[in-house]
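Residue strings, one per chain:
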Amino acid sequence: KYFLVLMVGTSMSMPKAMEGEPDDEDGPREVAVSGRHSNKRHKSGSEHKSKGRAWVLRKKEQMRHRGYDNIPHDTKYSGRKRKGGF
């Protein structure tokens, strides 16, 4: 492995490189990350809500309040669900 060391500021000495194989006397040098990604995926999937009509109308009002002048008018079709593409 190669590591890029970036240092800013006053001149400092370079860190010493490890030579040879790591010793097992210090304990394990690996971190277990199993299961971390699956929990995140399930959690975000259950709480995910689509942006509905209320969100679209609130966002349009925010943009008008900020001074944007090219925002479409609110109609009965604002924020409607669309058919699948295929």
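In this text, all values refer to a predicted model and were calculated from it rather than measured experimentally.

S.K.: What should I look at first to understand the overall build of the chain in this one?
M.R.: Counting its secondary structure elements, the chain contains 2 helices and 0 strands. Each of the 86 residues in the chain was classed as buried or not, and the buried ones make up 2%. For the chain, the accessible area works out to roughly 9600 Å², and carbon and sulfur atoms hold 53% of it.

S.K.: Explain the environment of glycine 52 here, please?
M.R.: Here glycine 52 shows up in the loop between helix H1 (36-47) and helix H2 (53-65). Look at glycine 52 and you get partly exposed, because its relative accessible area is 29%. Along the backbone, glycine 52 and serine 78 are 26 residues apart, and their C-alpha atoms lie at a distance of 9.5 Å.

Conventions used here
- Counting from 1, residues in each chain are numbered in the order their sequence is written.
- Where local features are concerned, this predicted model is filtered to residues with pLDDT of at least 70; where side-chain atom pairs are given and counted, the filter is 80 or more; whole-chain, interface and lining totals use all residues.
- In computing side-chain properties, one takes all heavy atoms of the structure into account and sets aside hydrogens as well as water.
- Secondary structure elements follow DSSP: runs of H or I no shorter than four residues count as helices, runs of E no shorter than two count as strands, and numbering proceeds from the N terminus.
- Only protein chains enter the accessibility calculation, which uses a 1.4 Å probe; a residue whose area is less than 20% of its type maximum is buried, one above 50% is exposed, and one in between is partly exposed.
- Computed by Shrake-Rupley with a 1.4 Å probe, the accessible areas treat only the displayed protein chains as cover when residues are assessed.

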